[in-house]
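The residues making up each chain are set out below.
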Amino acid sequence: MDWLRALLDTITNPVFYRLTLSSATPLLFAALGGLFSEKTGVTNIALEGIMLLGAFFGILGSAFTGNPWIGVLLAMVAGLGLASLHAWASIRFCADQIVSATALILLAQGLTGFLLEPIFGQPGSTHIFNRVPEVRLTFLGKDTFLYKMIGTLSPFVYIAFALVIVTWILINKTRLGLRMRAVGENPEAADTLGINVFKIRYFGVMMSGILAGLGGAFLSVGELGQFSENMTGGKGFIALAALILGNWSPVGAMWASLLFGVAQALNEQLQSNPILSIPSTTKPLFNLLPFVITLIVVGGFVGRTRSPAASGTPYEKRG
Amino acid sequence: MPFHIPEPSEYPHYAVVMKGIVKQFPTVLANDHVDLYVRAGEIHAIVGENGAGKSTLMNLLYGLYTPDAGKIHINGKETLIKGPAEAIKAGIGMVHQHFMLVGPLTIAENIVLGEEPLDSWRFFDLKAAKKRVRELSETYGLHVDVDMRIEDIPVGTQQRVEILKTLYRGANILILDEPTAVLTPQEADELFVVLRNLTDKGKTIIFITHKLNEVMAISDNVTVMRLGKVTGRIPISETSPRQLANMMVGREVLLRVEKAEKKAGEAVLAVNGLHVKDNRGLEAVKDLSFTVHQGEILGIAGVAGNGQTELIEAIAGLRKKEKGKIELCGKDITHSSPRDIRELGLSHIPEDRYKHGLVKEFPVYYNILLGRHYLPPFSKNGFLRHKQVYERAKFLIKQFDVRPPSILMLAENLSGGNQQKMVVGREIDYQPRCMLVAQPTRGLDIGAIEYIHRTLIGLRDAGVGLLLVSMELEEIFSLSDRILIMFEGEFMGEAKPGEITLEEIGLAMAGTPLAEVRKTEAASAGKSETTRVES
Amino acid sequence: MSKGWQRIFIPLMAVVIALAIASVIILFIAEVPGPSTGNLWNDFWNQIGVRFSFLGRAFQAMFEGAFGSQFAWMNTVIRMTPLILTGLAVGFGFRAGVFNIGAEGQMAMGALMATIVAVNIPGLPMFVAIPVCMLTGMLAGGVWAGIAGFLKAKTGAHEVISTIMLNWIASNITNWAVTAPFATGSGTPKSPEIAVGAKLPILFSIEATFLSYGIIVAVLVAFVMYIILYKTSMGYEVKAVGFNPYAAEYGGIQVSKNLIMTMAISGALAGLAGTLESMGLYYRFYGTLTSGKGFDGISIALIGQNHPLGIIFASMLISGLRTGSNQMQFIGVPKHIVTIIQSIIIFLVAAERMVRTIMGWDRKKKVKDGLAKSAS
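Now for a description of the structure that goes with this document.

Thresholds applied
- Residues numbered from 1 in each chain as written.
- Chains lettered and ligands numbered in written order.
- Predicted model: local features only at pLDDT ≥ 70, side-chain atom pairs only at ≥ 80, totals over all residues.
- Heavy atoms only, no water.
- Core = buried A, V, L, I, M, F, W, Y, C linked by side-chain atoms within 4.5 Å.
- Buried < 20%, exposed > 50% of the residue type's maximum accessible area, 1.4 Å probe, protein only.
- Helix = DSSP H or I, 4+ residues; strand = E, 2+ residues; numbered from the N terminus.
- Contact = heavy atoms within 4.5 Å.
- Axes fitted to C-alpha atoms, helices over the stretch in contact; angles between N-to-C directions.
- Parallel < 35°, antiparallel > 145°, perpendicular 65-115°, else oblique.
- Left-handed = near helix turned anticlockwise from the far one by under 90°.
- Nonpolar A, V, L, I, M, F, W, Y, C, P; charged D, E, K, R; others polar.
- Buried area = accessible area lost by both parts, 1.4 Å probe.
- Salt bridge = Lys/Arg side-chain N within 4 Å of Asp/Glu carboxyl O.
- Polar contact = N/O pair within 3.5 Å; in protein donor to acceptor, adjacent residues only side chain to side chain.
- Expected span 1.5 Å × (residues − 1).
- Pairing = 2+ DSSP bridges.

### Considerations on the nonpolar core
In this structure, Leu-195, Leu-269 and Leu-467 of chain B together with Ile-337 of chain C are the most contacted members of the largest nonpolar core, which totals 346 residues. Top element by residues in this core is helix α5 (residues 97-120) of chain A. It accounts for 13 residues. Residues in contact with Leu-195 of chain B, not counting those within four places in the same chain, are Ile-43, Leu-176, Ile-205, Phe-207 and Ile-218 of chain B.

See the structure below:
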């Protein structure tokens with residue numbers, strides 16, 4: 001009974017919805033990033049590392065200039081940089097995309113951990129710096145349910161959801177989108193029509209870097225104003241699961257990210273719910289829930305949804 | 001009138017002139033000073049065996065490769081073609097042997113890909129795309145439903161889409177690489193009508209093939225290639241299939257394999273009411289029943305993709321069976337594993353040797369071991385006995401003339417023919433009682449084909465039952481004792497090779513049951529003479 | 001240069017390039033501004049000099065920390081024990097065509113389960129306790145990896161994503177175990193000490209530092225792995241599945257069974273790595289027991305080219321870098337530099353054509369591809 005009451009308590013609380021949206025946001029950025037890459041035929045499991053690097057450079061920009069938006073810009077550039085390495089290895093050198101991406105995740109972990117102390121003077125995590133201010137919808141009335149729900153969201157949330165529409169239009173309604181789909185499904189066919197497969201793939205992977213970098217920036221300068229070591233905590237992989245669950249479509253990825261957001265928000269709210277009074281020592285057991293869900297999604301939905309046919313296979317030009 | 005070799009001043013009347021083309025691959029001189037003259041508005045055939053260099057030549061013309069030497073003139077103008085984009089600009093279109101289509105996209109999207117119409121907002125204009133494609137398809141009589149997805153349409157239609165693709169790009173010169181390989185004889189005839197239609201409208205067509213009857217039926221002039229060189233060029237009105245075959249091979253060809261009459265023995269493989277699904281979950285084999293006897297070759301004729309692959313894989317235990325029963329030498333193997341089926345005496349020359357037949361990263365002796373790695377004398381108590389393996393591998397390589405004769409060489413470094421000989425050798429060395437033989441000679445040169453055909457006949461004479469699947473009608477006719485014709489997962493009829501005509505088998509391959517074919521024939525008897533194919 | 005030599009040379013080149021890049025990074029972070037002389041030119045050269053001498057000291061510290069003394073050697077060898085096993089775990093997976101990135105979680109689960117058993121069997125004689133605990137750890141690691149193998153075989157879920165998820169789940173479970181039901185004492189979350197009978201005997205010790213027989217076990221496992229891979233029909237099957245699962249199935253090898261088994265064996269090796277850490281080094285379970293040793297297995301396997309002997313050498317290299325980096329940390333180079341070095345090595349081995357291109361070997365390879373394509 002306590003559980004039911006706690007659950008009811010949670011879902012009638014506007015904070016739950018706010019948390020859902022903000023937990024879904026970084027996943028959505030990364031999932032859209034993954035979509036760009038996979039649509040053109042390159043798997044990118046380095047999202048996790050790109051997000052981490054983005055989070056770090058986001059704070060770095062904010063710390064040095066005082067302007068969090070410069071941090072956001074820097075995060076995008078950093079994400080782009082790391083993704084370019086992935087693109088270079090997997091497109092130019094036909095590297096094993098999974099192994100090379102793993103290397104880049106490690107690189108991001110090593111680099112952020114390494115630079116943390118020399119730059120910020122302390123290991124583990126940084127101080128708190130300026131973060132991107134929330135968009136306050138005061139016209140909703142300060143104490144209304146709606147205001148507590150969506151009145152104080154980060155602009156990142158709006159950007160992420162707007163990007164769903166932009167991505168959908170780009171993929172389905174533009175020439176570039178048509179070409180991306182063709183390259184991801186049958187690069188040889190696209191090549192014979194004079195489409196530059198390499199260029200399109202570079203574009204896809206680099207976009208994934210910018211978007212996942214944004215997702216990382218949200219975690220640091222968007223939400224906390226702080227960077228801590230390995231703060232992405234598997235979100236890049238959960239985003240991949242959202243992409244699979246969403247059947248490689250922008251709208252599908254949005255719903256899947258929201259589902260993971262709900263799981264995360266429920267988890268946090270139930271843990272701190274006074275009715276249940278859960279001891280702090282059992283919290284790790286709650287925290288493993290998103291990973292179990294991801295495992296089930298990946299185990300249960302692969303094969304039922306359809307990935308771009310050429311995803312993960314390098315393309316070699318003949319002659 | 002012999003073939004006219006034009007002077008440079010005549011080049012403007014020629015759609016394509018290729019002069020002194022050289023293309024060297026590391027171990028093969030694929031094109032050795034090749035000249036090609038294609039007059040504007042003609043259908044020009046290029047014939048040659050596998051590996052003669054005809055595809056290389058066309059890939060050079062289409063810019064997929066760059067030549068090491070030589071010049072290309074398009075409509076009299078010397079043109080440098082660095083890539084497909086420039087070939088398209090020069091008015092060249094190519095229909096590849098393996099279609100270059102994107103499955104989940106629609107016909108219209110596939111056709112306009114790379115040169116998409118845009119609307120005033122610079123977005124992709126699907127409406128305009130569809131309109132343009134419909135116009136084209138009406139102009140040239142190539143009917144397609146523009147909204148269908150490629151993965152849902154039959155092969156013949158896909159080929160039309162490929163031709164429309166080149167026309168959409170304004171191609172005046174069309175290259176078709178083995179266009180009839182995937183078609184029934186009747187579909188091929190339809191294609192020829194389309195091609196004639198196109199030349200009537202001023203297009204030039206270059207047609208690559210190794211089927212001589214097609215050359216005779218459709219082309220105006222022919223260029224013959226062998227081992228990277230041109231061995232002859234001649235107007236079609238002045239040549240015969242036999243002469244072309246001589247130029248292709250460089251010697252008299254044995255078009256038939258010697259084969260003694262033989263009485264079939266007991267049943268070794270009995271299939272009853274078999275149902276199998278393909279990878280997309282669609283029924284590919286529908287209620288098939290047949291029996292293979294000792295000492296006979298049962299051939300299955302049919303156009304690729306009519307369920308032959310699924311049938312063979314199901315018998316070999318590589319694919320799930322939905323319904324039905326399979327018996328091997330009297331034992332039920334319907335639900336047995338590939339290993340158990342092998343142990344009962346079934347061996348299998350797979351359709352795709354790269355995918356199923358060998359591990360290219362393994363050396364030859366490890367490949368010889370595949371399937372027997374756990375059996376004595378090659379294995380004892382779970383340990384491999386390398387000495388026995390080496391000896392067996394050396395013996396087989398010698399017996400089956402695999403070159404170079406090194407058992408330590410990685411399989412990927414062998415040529416296609418030698419890889420196939422290795423696979424055939426291994427499968428025969430099982431001493432099977434029944435053998436599945438799928439596309440045994442695909443991509444091989446004539447020497448290797450003859451060798452493998454003789455080996456298969458030898459097995460049959462030794463009392464093995466063979467089930468042969470081939471897309472080459474000639475192979476089916478010359479090897480089989482009985483022929484079953486397969487269409488969309490069903491048999492259209494059974495015949496002996498001496499008792500059926502090419503025309504009949506073609507109609508059956510296109511989906512008319514053989515009995516009906518013969519009924520209509522009987523009705524119109526006397527009207528037309530049909531040529532019997534000798535066995 | 002022959003193919004065989006290239007196999008050894010490429011990872012070595014990768015290591016050299018990685019060290020070179022790491023040196024550049026160290027040059028940049030050296031926090032030693034030279035005294036200003038007012039002359040830009042002189043300042044510049046001062047800076048260069050100071051930075052290079054810092055780099056020199058950093059590498060000296062690393063080398064001394066890893067191999068500079070008997071004590072350093074011992075630390076390196078102690079750390080090699082789990083690294084050989086996680087390297088074998090990942091390498092065995094690679095041989096069968098699966099990428100077990102979850103050695104970290106399997107190691108943790110193996111160590112936790114073995115420790116739970118080892119704590120609860122006081123009085124059991126050594127010759128029973130030790131094998132029982134080792135088998136428990138291997139079983140736990142094997143089952144944990146087997147889940148990913150099962151999912152891959154049955155539903156096609158990519159093992160990289162599933163093993164990473166299993167890593168996070170394992171890390172949460174083990175953290176919970178040593179903070180709640182299985183906790184003891186205060187401070188760092190840890191389990192109670194294991195029974196005396198379950199402690200591995202000591203091979204060699206200097207003062208308070210000791211090396212257990214665990215290293216012998218690890219080397220023996222490497223030897224067994226060699227025999228399996230190269231001398232048995234099981235090894236033949238594993239390699240065939242890894243290279244070409246379709247041909248393997250055609251040859252009567254059960255691919256899905258092989259996949260699950262390979263993952264389970266791989267996980268069992270990682271589980272054993274954790275178990276030996278508990279039984280031979282810490283005598284208990286800590287939340288930080290694994291501390292990246294599972295991930296180290298990836299670079300070790302790649303450097304060692306998935307060959308047991310290569311893996312032993314590679315684990316000595318990585319172990320040396322790890323122990324040496326502790327010394328480096330004292331003079332101001334964060335030990336994360338080792339993670340950076342490893343990531344570059346993995347990257348270069350994955351994109352081995354990059355190295356080939358640098359060495360000018362790629363031309364031949366490309367030409368051969370062209371040939372294969374033209375023949376098909």
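### With respect to the packing of helix α14 (residues 289-301) of chain A against helix α6 (residues 159-179) of chain C
Two packed helices can be described by the angle between their axes and the distance between those axes. Orientation of α14 of chain A relative to α6 of chain C, taken along the N-to-C sense of each, is 155°, at an axis distance of 9 Å. Our classification of the angle between α14 of chain A and α6 of chain C gives roughly antiparallel. The handedness of the crossing between α14 of chain A and α6 of chain C is left-handed. In this structure, α14 of chain A contributes Phe-291, Val-292, Thr-294, Leu-295 and Val-298 of chain A to the contact, and α6 of chain C contributes Ile-161, Ser-162, Met-165, Leu-166, Trp-168, Ile-169 and Asn-172 of chain C. Residues that form the contact of α14 of chain A with α6 of chain C fall into these classes: 9 nonpolar, 3 polar and no charged.

### What to know about the interface of chain C and chain A
Each partner contributes residues to the interface: chain C has 42 residues there, and chain A has 46 residues. Counting the surface lost from both chain C and chain A, the interface buries some 3,900 Å², and carbon and sulfur atoms represent 80% of this. Of all residues in chain C, the largest losses of buried area upon contact with chain A belong to Ile-161, Met-165 and Phe-347 of chain C, amounting jointly to 15% of the total for that side. The interface formed by chain C and chain A includes 0 salt bridges. At the junction of chain C and chain A, the tally comes to 3 residue pairs in polar contact (both at pLDDT 80 or more). Contributing elements (two or more residues each) for the side of chain C that touches chain A: α1 (3-29), α5 (126-155), α6, α11 (293-303), α13 (337-350), α14 (352-359) and α15 (362-375) of chain C. In terms of residues, the side of chain C that touches chain A owes the most to one element, α6 of chain C, which gives 12 residues. Of the residues that constitute the side of chain C that touches chain A, the class distribution is 29 nonpolar, 10 polar and 3 charged.

### Regarding the pattern of salt bridges
Summed over all chains, the structure comprises 33 salt bridges over all chains. The partner of Asp-32 of chain B in a salt bridge is Lys-229 of chain B, and the shortest N-O contact between them spans 3.4 Å. Here the residue Asp-32 of chain B occupies a position in strand β2 (residues 29-39), and Lys-229 of chain B occupies one in strand β10 (residues 229-235), the gap between them amounting to 197 residues. Judged by relative accessible area, which is 45%, Lys-229 of chain B ranks as partly exposed. Here the salt bridges share partners, and the residues they tie into one network are Arg-131, Glu-134 and Arg-136 of chain A.

### Description of α13 of chain C
The end-to-end C-alpha distance of α13 of chain C is 20 Å, a good match for the 20 Å that 14 residues give at a rise of 1.5 Å each. With 14 of its 14 residues buried, α13 of chain C lies for the most part within the structure.

### Focus on the sheet that holds strand β22 (residues 490-495) of chain B
All names here are of chain B. Taken in spatial order, the 6 strands make up an open sheet running β16-β19-β20-β13-β21-β22, and their pairing is mixed. One side of each edge strand has no neighbouring strand; the edge strands of this open sheet are β16 (346-349) and β22. Between one strand axis and the next, the sheet turns by 20° as a mean value, whatever way the strands run. Taken together, the 4 bridges between β16 and strand β19 (residues 434-438) define a ladder with parallel strand orientation. For His-348, the partnering residue across the bridge sits in β19 and is Leu-436. The sheet contacts of helix α14 (residues 416-429) involve β16 and β19, and relative to β16 the element is tilted by about 175°.

### Thoughts on the interface of chain C and chain B
Taken together, the contact pairs 23 residues of chain C with 34 residues of chain B. Summing the contributions of chain C and of chain B, the shared interface buries around 2,500 Å²; its carbon and sulfur component is 63%. A per-residue breakdown of the area chain C buries against chain B is headed by Tyr-236, Phe-243 and Tyr-250 of chain C, which together make up 33% of the total. For the interface between chain C and chain B, the tally reads 1 salt bridge. Between Glu-237 of chain C and Arg-339 of chain B there is a salt bridge, with its nearest N and O atoms 2.7 Å apart. Put simply, chain C and chain B have 15 residue pairs in polar contact (both at pLDDT 80 or more) between them. Those elements that provide at least two residues to the side of chain C that touches chain B are α7 (214-231), α8 (233-243), α9 (245-250) and α15 of chain C. With 6 residues, α8 of chain C is the single largest residue contributor to the side of chain C that touches chain B.

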